[in-house]
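One letter stands for each residue in the lines below.
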Amino acid sequence: MTPRPPVRFSRAPVQLECETCGASLRVEADQRTAVCPYCASPSVVERPPSNDRPPPHFVLGFTMTRESAQGAVKAWLGKRSLFVQSSVKRGTIDAIRGVYTPAYLYSAMAQSRYAAQIGEDYQETETYTTTDDKGNSVTRTRVVTRTEHRHLEGQRATYVMDVLVVASRAVQNAELEAIEPFDLRTMRLYTPAVLSGWVAEEPTMTQAECYALARREALEKIGRDLEGFMPGDSHHGLTHETRLDQETLELLYVPLWVLAIRHDPREPPFRVLINGQTGAIHGKAPLSWIKIALAVLLVILLIAAPFVLAAARDRDPAERRGVARPPPALTTSPAPAPTERVRPGGSRPTPTGGTR
């Protein structure tokens, strides 16, 4: 299937008349559901399909209750690191909301040509010479494993299915992947009644963008499948070229529990996404750099403390009391005794210069 050229969204709000009390509501272009503020009656906005806003095909319903989602998030927040900002852990879980998020289900036929070096292991016995405990040279045998490599090329046809990509700009595709899989066996045909009372978002990504995401995921999946398909005991240098045919892209709504915590007025809110079927949770709690800096400082102090204490023990007791130690006294070496010279006759000179 060749993707249609992208069409720019019309962001004009829609006027919706409440069928219960008759109030006229202004609904934003990216919303499919609304709740009347006067009578709390839920409504579903049915817009005519366009090139980039086709009618939904399927819906995956919520199987996880609001209370279960709140309990799961509370337990998840309690397990976060000590370095997480305190305001996040103190955040209220009452703001959690169930949202039907648009996504596309992609499938295609894949024709792949691949090439790789295949390794086949075999064993053989070899003889070698070594020295025993007594220093004698001995000949022994051992079994060794060797690998023979050969080039392999071929073709493989597969059907790629169940590739799910997000169609909302508010949710990153990596976030959706983090809480997959969804139980696609519970899909049912879309009817407006399924979304009644729930927050639901219109697709805000073009089909061309979603096709690109889906093809990238499909090629990654084909690469992983080919890794497992390779024969032999080992392989390396696997390359493949894949052509995707008979592509389909069907719009469906997936159930998400969403909790946004405003932890800093200068920062975007911290968000947690929960799979509305399995309870899988994804979120990246913001860290407190003050806590990290204090922890680093504490580690440095703990490392330096033994050296400081050792240096303090080596100091003189008088210095530890603050008493100045007197400088060492200067010592002078004694003058050498006068040398007496004996004359040849055996007489010694007297102190006055005479002889005795």
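For the structure itself, consult the block above.
Read on for an overview of the structure. Because the structure is a prediction, the values reported are computed rather than measured.

## Regarding the overall build of the protein chain
So, step 1. The helix and strand inventory of the protein chain stands at 7 helices and 12 strands.
So, step 2. The 356 residues of the protein chain split such that 35% are buried.
So, step 3. In the protein chain, once contacts between residues fewer than 6 apart in sequence are set aside, the share between residues at least 24 apart is 71%.

## Side note on the side chain of Glu 217
So, step 1. Counting through the fold element by element, Glu 217 comes out in helix H5 (residues 207-229).
So, step 2. One buried charged residue, Glu 217, forms no salt bridge at all, with the nearest opposite charge on Arg 216 at 6.5 Å.
So, step 3. With residues near it in sequence (within four places) discarded, Glu 217 still touches Val 163, Leu 164, Val 165, Asn 173 and Glu 177.

## Details of unusual backbone geometry
So, step 1. Going from Glu 180 to Pro 181, the amide bond is cis rather than trans, its omega being 10°.
So, step 2. Tracing the chain through its elements places Pro 181 in the loop between helix H3 (173-178) and strand E8 (188-189).
So, step 3. Of note in the backbone geometry, Asp 162 takes a positive phi value of approximately 60° without being a glycine.
So, step 4. Note that Asp 162 resides in strand E7 (residues 137-166).
So, step 5. Note on Asp 162: relative accessible area 43%, which makes it partly exposed.

## A short note on H5
So, step 1. Compared with an ideal rise of 1.5 Å per residue, which puts 23 residues at 33 Å, H5 spans 32 Å between its outermost C-alpha atoms and is within 8% of the ideal.
So, step 2. Within the sequence span of H5, burial applies to Gln 207, Cys 210, Tyr 211, Leu 213, Ala 214, Glu 217, Ala 218, Ile 222, Gly 223 and Leu 226.
So, step 3. Buried residues along H5 sit against strand E6 (97-131), E7, H3 and strand E10 (234-261).

## Concerning the pairing of E6
Consecutive residues of a regular strand have side chains that alternate between opposite faces of the sheet.
So, step 1. In this sheet, E10 lies alongside E6 in antiparallel orientation, the contact comprising 21 bridges. By the bridge assignment for E10, Leu 105 is matched with Glu 250.
So, step 2. As judged from the 2 bridges shared by E6 and strand E9 (residues 199-200), these two strands associate in the parallel manner. Across the sheet, Val 99 pairs through a bridge with Val 199, a residue of E9.
So, step 3. As paired strands, E6 and E7 are joined by 28 bridges and run antiparallel to one another. Bridge assignment links Ala 108 to a residue of E7, and that residue is Val 160.
So, step 4. Between the end of E6 and the start of E7, which pair antiparallel, lie 5 residues, with Gly 135 showing a positive phi angle near 85°.

## Some remarks on the nonpolar core
So, step 1. By size, the foremost hydrophobic cluster in this structure holds 40 residues, and its most contacted members are Tyr 106, Leu 164, Phe 182, Leu 252 and Val 254.
So, step 2. Taken together, the elements giving at least two residues each to this core come down to E6, E7, H5 and E10.
So, step 3. Considering every element that reaches this core, the biggest residue donor is E6, with 10 residues.
So, step 4. Setting aside chain neighbours within four positions, we find Tyr 106 in contact with Val 160, Met 161, Asp 162, Val 163, Tyr 211, Ala 214, Arg 215, Ala 218, Leu 244, Glu 247, Thr 248 and Leu 249.
So, step 5. One finds Leu 77, Ile 96, Tyr 190 and Ile 274 within the second-largest nonpolar core, a separate group that totals 20 residues.

## Brief notes about the pattern of salt bridges
Pairing between side chains becomes possible if they bear opposite charge and their charged atoms approach one another.
So, step 1. Applying the stated criterion across every chain, the model contains 10 salt bridges.
So, step 2. For the salt bridge of Glu 124 with Arg 146, the shortest nitrogen-to-oxygen distance reads 2.4 Å. Residue Glu 124 is found in strand E6, and its partner Arg 146 is found in strand E7; the two are separated by 22 residues along the sequence.
So, step 3. Among the salt bridges present, the one from Arg 271 reaches Glu 175, with a minimum N-O distance of 2.8 Å. With a gap of 96 residues between them, Arg 271 in strand E11 (residues 270-275) and Glu 175 in helix H3 connect regions that are remote in the sequence.
So, step 4. According to the relative accessible area criterion, Arg 271 is partly exposed, its value standing at 28%.
So, step 5. You can call Glu 175 buried: its relative accessible area is 12%.

## So, helix H1 (residues 66-78)
So, step 1. When the terminal C-alpha atoms of H1 are compared, their 18 Å separation across 13 residues agrees well with the 18 Å that a helix rising 1.5 Å per residue should span.
So, step 2. For H1, the full list of buried residues reads Ala 69, Gln 70, Val 73, Trp 76 and Leu 77. Looking straight down H1, one finds that the buried residues subtend no more than 130° of arc, so they occupy a single side. Residues of H1 that are exposed and point more than 90 degrees away from the buried face comprise Glu 67, Lys 74 and Gly 78.

## Side note on the packing of aromatic side chains
So, step 1. Following the criterion strictly, the structure yields 8 aromatic pairs and no others.
So, step 2. Centre to centre, the rings of Tyr 100 and Trp 198 are 5.8 Å apart; their planes meet at 75°, and the pair counts as edge-to-face. Here Trp 198 lies in the loop between helix H4 (192-195) and E9 and Tyr 100 lies in strand E6, a separation of 98 residues in the sequence.
So, step 3. Take Tyr 100: its relative accessible area is 3%, and that puts it in the buried class.
So, step 4. A centroid spacing of 6.1 Å and a plane angle of 80° characterise the contact between Tyr 114 and Phe 229, whose relative ring orientation is edge-to-face. With a gap of 115 residues between them, Tyr 114 in strand E6 and Phe 229 in helix H5 connect regions that are remote in the sequence.
So, step 5. Taken together, Phe 62, Tyr 100, Trp 198 and Trp 257 form an aromatic cluster joined through their ring pairs.
So, step 6. The side chain of Arg 142 reaches across the aromatic face of Tyr 128, ending 4.2 Å from its centre.
So, step 7. In this structure, Arg 156 packs its charged tip against the face of Phe 229, placed 4.4 Å from the ring centre.

Analysis parameters
Residues numbered from 1 in each chain as written. Predicted model: local features only at pLDDT ≥ 70, side-chain atom pairs only at ≥ 80, totals over all residues. Heavy atoms only, no water. Helix = DSSP H or I, 4+ residues; strand = E, 2+ residues; numbered from the N terminus. Buried < 20%, exposed > 50% of the residue type's maximum accessible area, 1.4 Å probe, protein only. Contact = heavy atoms within 4.5 Å. Lys, Arg positive; Asp, Glu negative; His and termini not counted. Salt bridge = Lys/Arg side-chain N within 4 Å of Asp/Glu carboxyl O. Expected span 1.5 Å × (residues − 1). Pairing = 2+ DSSP bridges. Core = buried A, V, L, I, M, F, W, Y, C linked by side-chain atoms within 4.5 Å. Arc of directions from axis to C-beta. Phe/Tyr/Trp six-rings, centres within 6.5 Å; stacked < 30°, edge-to-face > 60°. Lys NZ or Arg CZ within 6 Å of the ring centre and 35° of its normal.

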